Amino acid sequence: MAGKSYGYYQFVIFAAMYVGYTLYYFNRKTFSFVMPSVMEEIDLDKDDLGLITSSQSAAYAISKFVSGVLSDQMSARWLFSSGLLLVGVVNVVFSWSSTVALFAGLWFLNGLAQGLGWPPCGKVLRKKQFRLSVCPIHGAGRQVALRLGDEWFEPSQFGTWWAVLSTSMNLAGGLGPIVAALMALSYDWRTTLALSGSVCVVTSVGCLLLIKNEPSDVGLPNIEPGPKKGKRGSPSEDSTLAELLLSPYLWVLSTGYLVVFGVKTCCTDWGQLFLIQERGQSTFVGSSYMSALEVGGLVGSIAAGFLSDRAVARVGLSQYGNPRHALLLSMMAGMSASMYLFRATVTSSSPKLWILILGAVFGFCSYGPIALFGVIANESAPSNLCGTSHAIVALMANVGGFLAGLPFSTIAKHYSWGTAFWVAELMCAASTVAFFFLRNIRTKMGRLPKKVD
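This report concerns the structure included in the present document. In every chain, residue numbers begin from 1 and rise along the written sequence. Reporting of local features is limited, given that this is a predicted model, to residues whose pLDDT is at least 70; pairs of side-chain atoms are given and counted only at 80 or more, and all residues count toward the totals for whole chains, interfaces and linings. In computing side-chain properties, one takes all heavy atoms of the structure into account and sets aside hydrogens as well as water.

### Observations regarding the overall build of the protein chain
Then comes step 1: The secondary structure content of the protein chain amounts to 16 helices and two strands.
Then comes step 2: Exposure categories follow from relative accessible area, calculated using a 1.4 Å probe and restricted to protein chains: below 20% of the type maximum is buried, above 50% is exposed, and the middle band is partly exposed. Among the 453 residues that make up the protein chain, the fraction classed as buried is 51%. Helix and strand definitions here come from DSSP, where helices need a minimum of 4 consecutive H or I residues and strands a minimum of 2 consecutive E residues; each element is numbered from the N-terminal end.

Written as C-alpha cells, this is what we have:
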C-alpha cells in the first residue's frame, strides 16, 4: 500500500506539472495565435508587432535565469503556481487592452511570469525520495523509511521524465493554433485570451494543491539524521555559488548549449525562407518542413531521455565523464550532417519527401541535445544549486537564440542564406569536435567530498 501511495503522488505531481507547463507555453504564444484577428481590429504595423514579441523574449530570458536561482531558495510549488497565476492574469488583462504601449508592457510581464515555469519543475524532479519497507529485524509488523536517492525519480529515470515533460511545449505549440482557430469560429480574440487566462488562474490553484516539494510533505519520513539548522544539509556538504561557477564543466555545457540552441533556432526561424527564396520551393513545402522538424523534435526529446537513462542505469554516474555524452555527441554530429545535406543537396527539383526527411532528422538530432543539456546541467550540479546551474546554461542558450536572429540574418543579407547556414554548420561541427575531446573531464560540479578528492 505504501508503494502504491508513493507511485500515486509521483504520478499526480508529474501530471500537474505537465498540464501546468502546457498552459504556460500555450499562453506564451496566445498573441501569436490571435495576431491576425488583432490586426483586423487594431492598426498594428511590423514594428509594433516586433516590439510586443521582443518585449516578451527579453523578459523571459531575464526571468528564467532569476527563477533558476530562486528555485534553489524558494518553494518550487509556490514559484511554479504563482508564475502560472500571473500568466493567466496578464492574458485576461491583455484582452481588455487596445494600445501598443499596453500590449508591450503586458507581454513583458507575461515574459517575466513565463520564466517561473521550468526551473521549479527541474527542482521537483530532483527532490529526495523515500519509501516504506518491512523492517528486517521486526518483520512485517514494523515498517521503516528507507532513503532511495536524492530525487523524486530515480537518477536512471531523470532524463526520461525531463524529456517527457518537455514535450508539453510541443503539445501546446502543435495544438495551440488549432485550438485558437476553432475558438475564432465562435469567439473574438479578446474572449479567446480571457478564457485561456482564466483556465491558467484556475489551474494554478490546482497545481499549488497537487505539487509537493518533497516526500515529507505527503507524510513520507526521512529517517536520516539531518542538520539541526536548515534543510539542505550542513555547510560542509553544500557547495557555494563560487565553487559552481569555477567548475569548468559548467562552461563546457554552457558553450555547447549556446551553439546547439543557436543552430536549432537558425533552422526554425530561417529554414523556411531559405527553402523559398534560395531553393525555389513553395510556401507549402516550407511550412511542411517546419512541421516535420517539430515532429522529429518531439520524438528526439523522448528518445534522448530514454536512451541516455538506460546508459546511466547500466554504467552509473561518476565524477568524470557522463554516460549521456555518447548519445549527446552522436546527435550533435547528426545535426551537422543533416545541416550539410539540407544546404548542399536541396534544389528546386528536390523531392518533397527528401526535404521532409531532412527536417525530421534535424529536429530529432537538435531537440535531443537540448533536452540532454538541461538534464546534465541539473544532475551534475550540487543538489542545493541545481536550479542555478540550469539557469546559467539556459541563459547561454538564450544568447545563442539571440545570435541566431539579427547576426545570422545580417550574414544572409550581405552574402546569402546558404552562406549563413554554412557558418552555422561549421559552428555546430566545431562544437561537436571540441565536446568530444572534453567528454571525460570532471563532470561533478561544485565541491567534491574529501574522500573523493
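### A word on the packing of aromatic side chains
Then comes step 1: Side-chain rings of Phe, Tyr and Trp (the six-membered ring for Trp) are treated as a pair once their centres are within 6.5 Å; stacked means planes under 30 degrees apart, edge-to-face means over 60, and tilted covers the remaining angles. Summed over the entire model, instances satisfying the criterion amount to 21 aromatic pairs.
Then comes step 2: Here the aromatic rings of Phe94 and Trp107 are separated by 4.8 Å at their centres, their planes lie at 50°, and the arrangement is tilted. You can see Phe94 sitting in helix H4 (residues 76-94) and its partner Trp107 sitting in helix H5 (residues 100-114), a full 13 residues away along the chain. Neither Phe94 nor Trp107 differs from the other in exposure class; each is buried.
Then comes step 3: Between Trp118 and Trp162, the aromatic rings sit 5.2 Å apart at their centres with planes inclined by 85°, giving edge-to-face as the arrangement. One end of the pair, Trp118, is in helix H6 (residues 118-125); the other, Trp162, is in helix H7 (residues 155-184), and 44 residues separate them in sequence.
Then comes step 4: Members of the aromatic cluster, joined through ring pairs, are Tyr21, Tyr24, Phe80, Trp118 and Trp162.
Then comes step 5: The aromatic ring of Phe261 is capped on one face by Lys264, whose charged end is 4.8 Å from the ring centroid. Definition used: whenever NZ (Lys) or CZ (Arg) falls within 6 Å of the ring centre and also within 35 degrees of the ring normal, the charge is taken to sit over that ring.

### As for the nonpolar core
Then comes step 1: Ranked by size, the top nonpolar core spans 55 residues in total, and within it Leu253, Val263, Tyr289, Phe342, Phe373, Phe408 and Phe421 carry the most contacts.
Then comes step 2: Contributing elements (two or more residues each) for this core: helix H10 (248-278), helix H11 (283-315), helix H12 (325-345), helix H13 (352-379), helix H14 (386-403), helix H15 (406-414) and helix H16 (417-437).
Then comes step 3: Broken down by element, the residue count for this core peaks at 14 residues, all from H10.
Then comes step 4: What we call a nonpolar core is a set of buried Ala, Val, Leu, Ile, Met, Phe, Trp, Tyr and Cys residues that are connected through their side-chain atoms within 4.5 Å. Phe14, Ala16, Phe80 and Leu84 belong to the second-largest nonpolar core, a separate cluster that totals 28 residues.

### Some points on the pattern of salt bridges
Then comes step 1: Criterion for a salt bridge: a side-chain nitrogen of Lys or Arg within 4 Å of a carboxyl oxygen of Asp or Glu. Within this structure, the stated rule accounts for four salt bridges.
Then comes step 2: Salt-bridge contacts for Glu379 lead to Arg324; the nearest nitrogen and oxygen are separated by 2.7 Å. Taken together, the residues Glu379 in helix H13 and Arg324 in the loop between H11 and H12 connect sequence positions 55 residues apart. One exposure class covers both Glu379 and Arg324, and it is buried.
Then comes step 3: Here Arg343 and Glu425 are joined by a salt bridge, their closest N and O atoms 2.9 Å apart. With Arg343 in helix H12 and Glu425 in helix H16, the pair connects residues that are 82 residues apart, well separated along the chain.
Then comes step 4: Classification of Arg343 as buried rests on a relative accessible area of 19%.
Then comes step 5: By sharing partners, the salt bridges in this structure join Asp309, Arg324 and Glu379 into a single network.

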